[in-house]
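# What the coordinates show
Listed below, chain by chain, are the residues.
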Amino acid sequence: MEDNLEKPTQSIGEDDESEIVAESAAFVDGDFPQEGEGPPKVDSEVEVLHEKVKKQIIKEGHGQKPSKYSTCFLHYRAWTESTQHKFEDTWHEQRPIEMILGKEKKEMTGLATGVSFMKAGERALLHVGWELGYGKEGNFSFPNVPPMADIIYEVELIGFDETKEGKSRGDMTVEERIGVADRRKMDGNAFFKDEKLDEAMQQYEMAIAYLGDDFMFQLFGKFRDMALAVKNPCHLNMAACLIKLKRFEDAIAQCTIVLAEDEKNVKALFRRGRARAELGQTDSAREDFSQALKIEPEDKAIARELRRLAEHDKAVYQKQKEIYKGIFGPPPRPKPKPTNLVMRIWQFLIVVWQWLLSLLHRIFKGGRPKTD
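Residues numbered from 1 in each chain as written. Predicted model: local features only at pLDDT ≥ 70, side-chain atom pairs only at ≥ 80, totals over all residues. Heavy atoms only, no water.

## With respect to the environment of Leu101
- Structurally, Leu101 is set in the loop between β7 (97-100) and α2 (109-115).
- Along the primary structure Leu101 and Ser70 are separated by 31 residues, whereas in three dimensions their C-alpha atoms are 5.7 Å apart.
- Ignoring any residue separated from it by four or fewer positions in sequence, one finds Leu101 in contact with Pro66, Ser67, Lys68, Tyr69, Ser70, Cys72, Ala112, Val115 and Ser116. (Helix = DSSP H or I, 4+ residues; strand = E, 2+ residues; numbered from the N terminus. Contact = heavy atoms within 4.5 Å.)

Printed below as a string of structure tokens:
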């Protein structure tokens, strides 16, 4: 299957400008932040942004840096520097936060300072002094931060929107939010066509951020249908990118989100099946492909994936058969049947042995004394 765009109502292999097909794997530089016990170890040069804020780049970004009142979307993890205690993680919640530079909360001042010096797609380690964090008193509710705690942030700037007035998502109308999300989706498709997968995913993730759960819960009727018509393709396009990046678990998660809304979405079933097959989850993959084929019985791509699974199962069976054959060794050979000469000798010896026994019996019986 080729890497192109497809129509929601057409077969998986046909073209459109809404959802992308990305079935062939292609490695792209850039790794996903892995959760560990403490902050990541970074060897890059330390850049002093402020007396209380220092930055080390983990992954380079691209384009311009946000200006004051830009609406930024970011993921981050936060630790207290002295104890290495992690007190916040937006990656774990799979929900990026929105921050308007210049209008951030007081405890986010150091984080906002670091973000203002980052490019879209950049991931960095920030060292923030307690004066620009939770201050002298700390925070004893959620998150729990001790007094005068310096903070380490691992932060990724997904992207930002330039707005002079600093308009947040909450101040937008439904139509405005859906419109902004749709433009982000189209920008993501353009990046995907140019094989810029990291940039494409940033656009899709920003689009999804405008259509978060808190927003979707408030919608019904035509507005909900309008939002889902943008949101679900973004999740599917994210899954397509993640498959190409070999991040199969994340691709499965994106498809599952779509299937929670639309259990008969063929593209979600197909891409989740491909990701599961890559992870060796053949039974689950076969279930996804079979369900997709029931919905689209004429789709050749789905049928081809099912054939691949059948061929894979056959190859695994043959391999296991060879392994077990080597473990237990060759079957035992049958004992050769005795020849006629050997049989005759055995018969003669048996006859002689029987004659001797009979003779001994008569001798001992004849010599025994008679009793009264």
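There's plenty left to go through after this.
## Regarding the side chain of Glu156
- Relative to the helices and strands, Glu156 is located in strand β9 (residues 151-161).
- What makes Glu156 buried here is its relative accessible area of 12%.
- The residues contacting Glu156, other than those within four sequence positions of it, are Lys59, Phe73, Leu74, His75, Trp91, Met118, Gly121, Glu122 and Arg123. (Buried < 20%, exposed > 50% of the residue type's maximum accessible area, 1.4 Å probe, protein only.)

## Points about helix α4 (residues 197-210)
- For α4, built from 14 residues, the straight-helix expectation of 20 Å at 1.5 Å per residue is met to within 8% by its first-to-last C-alpha distance of 20 Å.
- Taken across its 14 residues, α4 has 13 buried, putting it largely inside the fold. (Expected span 1.5 Å × (residues − 1).)

## Regarding the pairing of strand β6 (residues 86-89)
- Sheet topology places strand β5 (residues 71-80) next to β6; 3 bridges connect them, and they run antiparallel. Across the sheet, Ala78 pairs through a bridge with Glu88, a residue of β6.
- Between the end of β5 and the start of β6, which pair antiparallel, lie 5 residues, with Gln84 showing a positive phi angle near 60°. (Pairing = 2+ DSSP bridges.)

## Details of helix α7 (residues 248-261)
- Between its terminal C-alpha atoms α7 stretches 21 Å, which fits the 20 Å expected from 14 residues at 1.5 Å a residue.
- Those residues of α7 not exposed but buried are Phe248, Ala251, Ile252, Gln254, Cys255, Val258 and Leu259. Axial view of α7: buried residues confined to an arc of 165°, hence all on one face. In α7, the exposed positions angled more than 90 degrees off the buried face are occupied by Glu249 and Ala260.
- Its buried side turned inward, α7 meets α4, α6 (222-244) and α8 (266-278). (Arc of directions from axis to C-beta.)

## Regarding the UniProt feature "repeat: TPR" (unreviewed entry) in the chain
- In the numbering adopted here, UniProt assigns the feature "repeat: TPR" (unreviewed entry) to residues 266-299.
- Split by type, residues 266-299 is 79% helix and 0% strand. Its first and last C-alpha atoms lie 10 Å apart. (UniProt positions renumbered as here; feature names shortened; annotations may be inferred.)

## Observations concerning the pairing of strand β8 (residues 123-128)
- By the criterion of burial, β8 is predominantly enclosed, with 5 of the 6 residues buried.
- In this structure, strand β4 (residues 53-59) lies alongside β8, joined through 6 bridges in antiparallel fashion. Note that in β8 the partner of Val53 across the bridge is Val128.
- One ladder, built from 6 bridges, connects β8 with β9; its direction is antiparallel. Among the inter-strand pairings, Arg123 is bridged to a residue of β9, identified as Glu156.

## Overview of the pattern of salt bridges
- A full pass over the atoms with the stated rule returns 19 salt bridges.
- One salt bridge connects Arg224 with Glu261, and the closest N-O pair in it is separated by 2.8 Å. Taken together, the positions of Arg224 in helix α6 and Glu261 in helix α7 put the pair 37 residues apart, joining distant regions of the chain.
- The exposure class of Arg224 is partly exposed, given its relative accessible area of 22%.
- Under the relative-accessibility criterion, Glu261 is labelled partly exposed at 42%.
- Between Arg286 and Asp313 there is a salt bridge; the shortest N-O distance is 2.1 Å. (Salt bridge = Lys/Arg side-chain N within 4 Å of Asp/Glu carboxyl O.)

## Here's the deal with the packing of aromatic side chains
- What the rule picks out here adds up to 4 aromatic pairs.
- Relative to Tyr134, the ring of Phe87 has its centre 5.9 Å away and its plane inclined at 90°; by these criteria the two rings are edge-to-face. On the criterion of sequence distance, the pair formed by Phe87 in strand β6 and Tyr134 in the loop between β8 and β9 is long-range, its members being 47 residues apart.
- Lying over the aromatic face of Phe215, Arg177 brings its terminal NZ or CZ to 4.2 Å of the ring centre.
- The lysine or arginine in question, Lys222, covers the ring of Phe223, its NZ or CZ lying 5.3 Å from the ring centre. (Phe/Tyr/Trp six-rings, centres within 6.5 Å; stacked < 30°, edge-to-face > 60°. Lys NZ or Arg CZ within 6 Å of the ring centre and 35° of its normal.)

## Regarding the packing of helix α3 (residues 174-193) against α4
- One way to put it is that α3 packs onto α4 with a least axis distance of 8 Å and a crossing angle of 170°. By the angle between their directions, the pair α3 and α4 is classed as roughly antiparallel. For the pair α3 and α4, the crossing hand works out as left-handed. Packed against α3, whose contacting residues are Arg177, Val180, Ala181, Arg184, Lys185, Asp187, Gly188, Asn189, Phe191 and Phe192, the element α4 presents Leu197, Glu199, Ala200, Gln203, Tyr204, Met206, Ala207, Ala209 and Tyr210 at the interface.
- Its residues placed into classes, the contact of α3 with α4 shows 11 nonpolar, 3 polar and 5 charged. (Axes fitted to C-alpha atoms, helices over the stretch in contact; angles between N-to-C directions. Parallel < 35°, antiparallel > 145°, perpendicular 65-115°, else oblique. Left-handed = near helix turned anticlockwise from the far one by under 90°. Nonpolar A, V, L, I, M, F, W, Y, C, P; charged D, E, K, R; others polar.)

## Regarding the nonpolar core
- Ranked by size, the top nonpolar core spans 49 residues in total, and within it Tyr204, Leu211, Met216, Cys241 and Phe289 carry the most contacts.
- Of all the elements in the fold, those that place two or more residues in this core are α3, α4, α5 (213-216), α6, α7, α8, α9 (282-295) and α10 (300-328).
- Element by element, the count of residues in this core is highest for α6, at 10 residues.
- If sequence neighbours within four positions are ignored, Phe289 has contacts with Phe270, Gly273, Arg274, Ile302, Glu305, Leu306 and Leu309.
- Counting residues in each nonpolar core, the second largest holds 27 residues, with Leu49, Ala124, Leu126 and Val145 among its members. (Core = buried A, V, L, I, M, F, W, Y, C linked by side-chain atoms within 4.5 Å.)

## Comments concerning the environment of Leu259
- You can see Leu259 is positioned in helix α7.
- On the basis of relative accessibility, which here comes to 12%, the residue Leu259 falls in the buried class.
- Considered as a pair, Leu259 and Leu269 are 10 residues apart in the sequence and their alpha carbons are 7.7 Å apart.
- Among all residues touching Leu259, those that are not within four sequence positions of it are Asn265, Ala268, Leu269 and Arg272.

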